[in-house]
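So the chains spell out like this:
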Amino acid sequence: MTVAAVAADTFAALKSAFPDGALESKIVCGQAIVTVANEPAHAIFQWLQTDPSQQFNYLTDLTCVEYRDPELPLEVVYQLRSLDRKIDLRVKIQLDPDGPLAVRSVVDLWHGAEWLEREVWDMFGVSFAGHPDLRRILMWEGYSEGFPLRKSFPLRGHWSRAEQTRQALEANPEAYYSLEELSIAEAYHELPADVRERLAAAGKVLP
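Residues numbered from 1 in each chain as written. Predicted model: local features only at pLDDT ≥ 70, side-chain atom pairs only at ≥ 80, totals over all residues. Heavy atoms only, no water.

Draft legend 1. Structural context of the packing of aromatic side chains. A full pass over the atoms with the stated rule returns four aromatic pairs. With a centroid separation of 6.1 Å and 80 degrees between ring planes, the pair formed by F18 and W47 is classed as edge-to-face. On the criterion of sequence distance, the pair formed by F18 in the loop between α1 (3-17) and β1 (22-28) and W47 in helix α2 (residues 41-50) is long-range, its members being 29 residues apart. Since its relative accessible area comes to 15%, W47 is described here as buried. Here a set of aromatic residues connected by ring pairs shows up, and it is made of F45, Y78 and W110. (Phe/Tyr/Trp six-rings, centres within 6.5 Å; stacked < 30°, edge-to-face > 60°. Helix = DSSP H or I, 4+ residues; strand = E, 2+ residues; numbered from the N terminus. Buried < 20%, exposed > 50% of the residue type's maximum accessible area, 1.4 Å probe, protein only.)

As structure tokens, then:
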């Protein structure tokens, strides 16, 4: 099936199943792209995943795009693949950069979305309703300058480099992440005594 045929067939089926949810279909750089409305997006993703005519059962990627043109919407982008049909589909949800940046989480549909949604939240400030653990993932939990990949974010941040360094050094990742997330679980008994004591005080001692 050609990319054009994928786009046409999927969009026609989407229009039939969700008359107000399927907004646009196009092909860009060989990619079939459909834009859907925010409100019914979760139901649309569930349909794309489970309907026998679609079978987009693998979430390849999830990211966000904000353009230099302030008139253009901010887009949450989902890259889907049907492993059985061996075809790809890009799905976009458009958000007003000046409005509420919120969509519904798809972690319940594709567990691999968990860290990807955390990354979009951390870098762009898009929240995902229903996400099981929506914390920063690249910046530390106490980071308060904003969302570094927004166009309104200054190239060097809001604060001086010295202030950023001071805050980074004061950050305590052990207060927010488990031993497994910090990748030190296997080396716990090789940690310095004071670090083991702090972890024990925080109730993070391995059995």
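Draft legend 2. Spatial organisation of the confidence of the model for the protein chain. Averaged over all residues, the pLDDT of the protein chain is 87; the fraction at 70 or higher stands at 90%. The least confident element of the protein chain is helix α5 (residues 193-201), whose mean pLDDT is 76; the most confident is strand β6 (residues 102-104), at 98. (pLDDT = per-residue confidence, 0-100.)

Draft legend 3. View of empty space enclosed by the protein. Under the counting rule described, the total for this entry stands at one cavity of 30 Å³ or more. As a volume, the largest cavity reaches approximately 40 Å³. What lines the largest cavity is simply N38, A41, H42, F45, Y78, I93, V103, R104 and V106. Mapped by element, the contributors of at least two residues to the lining of the largest cavity are α2 and β6. (1 Å grid on protein atoms, 1.4 Å probe; cavity = no way out; pocket = protein on both sides within 12 Å on 5 of 7 lines; lining within 4 Å. Points joined across faces, edges and corners; volume = space filled by probe spheres on them.)

Draft legend 4. Representation of the environment of D69. On the secondary structure map, D69 appears in the loop between β3 (58-65) and β4 (74-82). Judged by its relative accessible area of 35%, D69 falls in the partly exposed class. Sequence separation of D69 and K151 is 82 residues, and the distance between their C-alpha atoms is 9.5 Å. A polar side-chain atom of D69 sits 2.9 Å from the main-chain amide nitrogen of E71. (Polar contact = N/O pair within 3.5 Å; in protein donor to acceptor, adjacent residues only side chain to side chain.)

Draft legend 5. Inspection of the pattern of salt bridges at higher detail. Taken as a whole, this structure holds six salt bridges when the rule is applied. The closest approach of N and O atoms between D122 and R136, which form a salt bridge, is 2.4 Å. Taken together, the residues span a long stretch of sequence, with D122 in helix α3 (residues 113-124) and R136 in the loop between β7 (127-129) and α4 (161-170) at a distance of 14 residues. Overall, D122 belongs to the buried group, its relative accessible area being 0%. With a shortest N-O distance of 2.8 Å, D133 and R135 are connected by a salt bridge. Residue classification places D133 among the partly exposed residues on the basis of a relative accessible area of 24%. (Salt bridge = Lys/Arg side-chain N within 4 Å of Asp/Glu carboxyl O.)

Draft legend 6. Quick peek at α1. If you check α1, its first and last C-alpha atoms are 21 Å apart, about what 15 residues at 1.5 Å a residue would give, namely 21 Å. Buried within α1 are the following residues: V6, A7, T10, F11 and L14. Here the buried residues of α1 occupy an arc of 115 degrees about the axis, which is enough to place them on one side. (Expected span 1.5 Å × (residues − 1). Arc of directions from axis to C-beta.)

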